[in-house]
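# Structural overview
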Amino acid sequence: GFSQEKFESCLRDQKLFEGVNEVKKRGEEKFKVNSTPTFFINGQRFPGNMSIAEIERVIKPMLGS
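If you're wondering where the values come from, they're calculated on a predicted model, not measured in any experiment.

### Observations regarding the environment of Ile52
Tracing the backbone shows Ile52 in helix H3 (residues 52-63). Looking at Ile52, the relative accessible area reads 70%, which means it is exposed. C-alpha separation for the pair Ile52 and Leu11, spaced 41 residues apart in sequence, amounts to 34 Å.

### A closer look at the pairing of strand E2 (residues 44-47)
On a regular strand, one side chain projects to one face of the sheet and the next to the other, so that they alternate. In this structure, strand E1 (residues 38-41) lies alongside E2, joined through four bridges in antiparallel fashion. Considered in E2, the bridge of Thr38 is made with Pro47. The turn joining E1 and E2, which pair antiparallel and follow one another in sequence, is formed by two residues; a positive phi near 50 degrees is taken by Asn42.

Calculation criteria
- Residues numbered from 1 in each chain as written.
- Predicted model: local features only at pLDDT ≥ 70, side-chain atom pairs only at ≥ 80, totals over all residues.
- Heavy atoms only, no water.
- Helix = DSSP H or I, 4+ residues; strand = E, 2+ residues; numbered from the N terminus.
- Buried < 20%, exposed > 50% of the residue type's maximum accessible area, 1.4 Å probe, protein only.
- Pairing = 2+ DSSP bridges.

Note that all results are geometric; they support no functional claim without further evidence.
Structural data, given as structure tokens:
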């Protein structure tokens, strides 16, 4: 588990915060990700609210027979 003390320690870790924020910023700028989850399949962006059936319709043709 993740204790409350460990959680509070992470919140105070400025270096960790800056690292996470940089990843978030890059995702927003480079990949136009504005929410999580967001899926990238073969370089194409898909929203994270896709159903399993919708994801299957995208992936199955890529797998071949």
